[in-house]
Amino acid sequence: DAKTTQPTSMDCAEGRAANLPCNHSTISGNEYVYWYRQIHSQGPQYIIHGLKNNETNEMASLIITEDRKSSTLILPHATLRDTAVYYCIVRVAGGVDYKLSFGAGTTVTVRA
Amino acid sequence: NAGVTQTPKFQVLKTGQSMTLQCAQDMNHEYMSWYRQDPGMGLRLIHYSVGAGITDQGEVPNGYNVSRSTTEDFPLRLLSAAPSQTSVYFCASSSQIGRTDTQYFGPGTRLTVL
């Protein structure tokens, strides 16, 4: 699976959009970009994933650059409950290796 | 749906004791896996299963056994607990249907080995 690079931490004001960048310059053509988050002491939670088109669901939007070497997760209206560690993971969907390689992630702190 | 459930939530063991961490899912997912997370660290895969009767080792399998007799259940057994196994254990499940491969995690079991 391709390696990803994320900032260590970032702050966001409550009610504002949070934009979380992720670099994955060695991504392969069949690898998807997944985002998970882990709120303190809880199990990781799936947020969104995409291959090359931008994606949106009830939680967030995912913007993938045309060359697919980077992406941005957007939380449109951050709340205090969005404070968590956010993980960008690149992997083949349905691959035989079911491991999710969680790196250090980005610690997002939403402030009132 | 309850999703992925894990029991117990907390457990304290003495060195050398054995125990089983329970994991169950009600989503009819083929794939289940066990991870451990040490303080301030990412998750590491212990064992995984691609279906009933089929299991395989992950990154850190030593000291742990698994079995998968049903689709729903995937218990993790600690054979002889050691302080190095103090960690938070997460169970996850996923399905290949639709090839989304989204993994759903349980709430975790916090294990302390004295």
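For the structure itself, look to the data block above.
What counts and what doesn't
Residues numbered from 1 in each chain as written. Chains lettered and ligands numbered in written order. Predicted model: local features only at pLDDT ≥ 70, side-chain atom pairs only at ≥ 80, totals over all residues. Heavy atoms only, no water. Helix = DSSP H or I, 4+ residues; strand = E, 2+ residues; numbered from the N terminus. Rg over C-alpha atoms; globule rule 2.2 N^0.38 Å. Buried < 20%, exposed > 50% of the residue type's maximum accessible area, 1.4 Å probe, protein only. Areas by Shrake-Rupley, 256 points an atom, 1.4 Å probe, with all protein chains shown as cover. Lys, Arg positive; Asp, Glu negative; His and termini not counted. Charge placed at Lys NZ, Arg CZ, Asp CG, Glu CD. 1 Å grid on protein atoms, 1.4 Å probe; cavity = no way out; pocket = protein on both sides within 12 Å on 5 of 7 lines; lining within 4 Å. Points joined across faces, edges and corners; volume = space filled by probe spheres on them. Nonpolar A, V, L, I, M, F, W, Y, C, P; charged D, E, K, R; others polar. Pairing = 2+ DSSP bridges. Salt bridge = Lys/Arg side-chain N within 4 Å of Asp/Glu carboxyl O.

J.: Now, about the overall build of chain A: what can you tell me, with residues and values included?
T.: Scanning chain A from N- to C-terminus turns up zero helices and nine strands. Along chain A, from the amino end to the carboxyl end, the secondary structure elements read β-β-β-β-β-β-β-β-β. Since a compact globule built from 112 residues should have a radius of gyration of about 13 Å, the 13 Å found for chain A is in line with a globular shape. Expressed as lengths along the three principal axes of its C-alpha atoms, the size of chain A is roughly 40 × 30 × 25 Å. Taken across its 112 residues, chain A has 46% of its residues classed as buried. Looking at chain A as shown, the accessible area adds up to about 5600 Å², and 49% of this sits on carbon and sulfur atoms. Placing the 10 positive and 10 negative side-chain charges of chain A at their respective mean positions leaves the two points 3 Å apart.

J.: Can you tell me about the layout of surface pockets, naming the residues and giving the values?
T.: In this structure, the largest pocket spans a volume of roughly 430 Å³. Around the largest pocket, the lining comprises 21 residues; the ones closest to its centre are A:Q38, A:H40, A:V85, B:Q37 and B:G40. Where the lining of the largest pocket is concerned, the elements lending two or more residues are β8 (84–92) and β9 (106–111) of chain A together with β9 (87–94) of chain B. For the lining of the largest pocket, the element with the most residues is β8(A), which contributes three residues. By residue class, the composition of the lining of the largest pocket is ten nonpolar, nine polar and two charged.

J.: Pulling in residues and values, what's your account of the pairing of strand β1 (residues 9–13) of chain A?
T.: Residues and elements named next belong to chain A. Only one face of β1 is covered, namely the one carrying M10 and C12; the face carrying S9, D11 and A13 has none of its residues buried. Pairing geometry for β1 and β9, over five bridges, is parallel. Directly across from A13, in β9, lies its bridge partner R111.

J.: Describe the pattern of salt bridges, naming the residues involved and giving the relevant values.
T.: Overall, the coordinates contain four salt bridges over all chains when judged by the stated rule. For A:D82, the salt bridge identified is with A:R37, shortest N-O distance 2.8 Å. Here the residue A:D82 occupies a position in the loop between β7 (70–75) and β8, and A:R37 occupies one in strand β3 (residues 31–38), the gap between them amounting to 45 residues. Judged on exposure class, the residue A:D82 and its partner A:R37 are both buried. In this structure, B:R36 and B:D38 form a salt bridge, with 2.9 Å as the shortest nitrogen-oxygen distance. Both residues of the pair, B:R36 and B:D38, count as buried.

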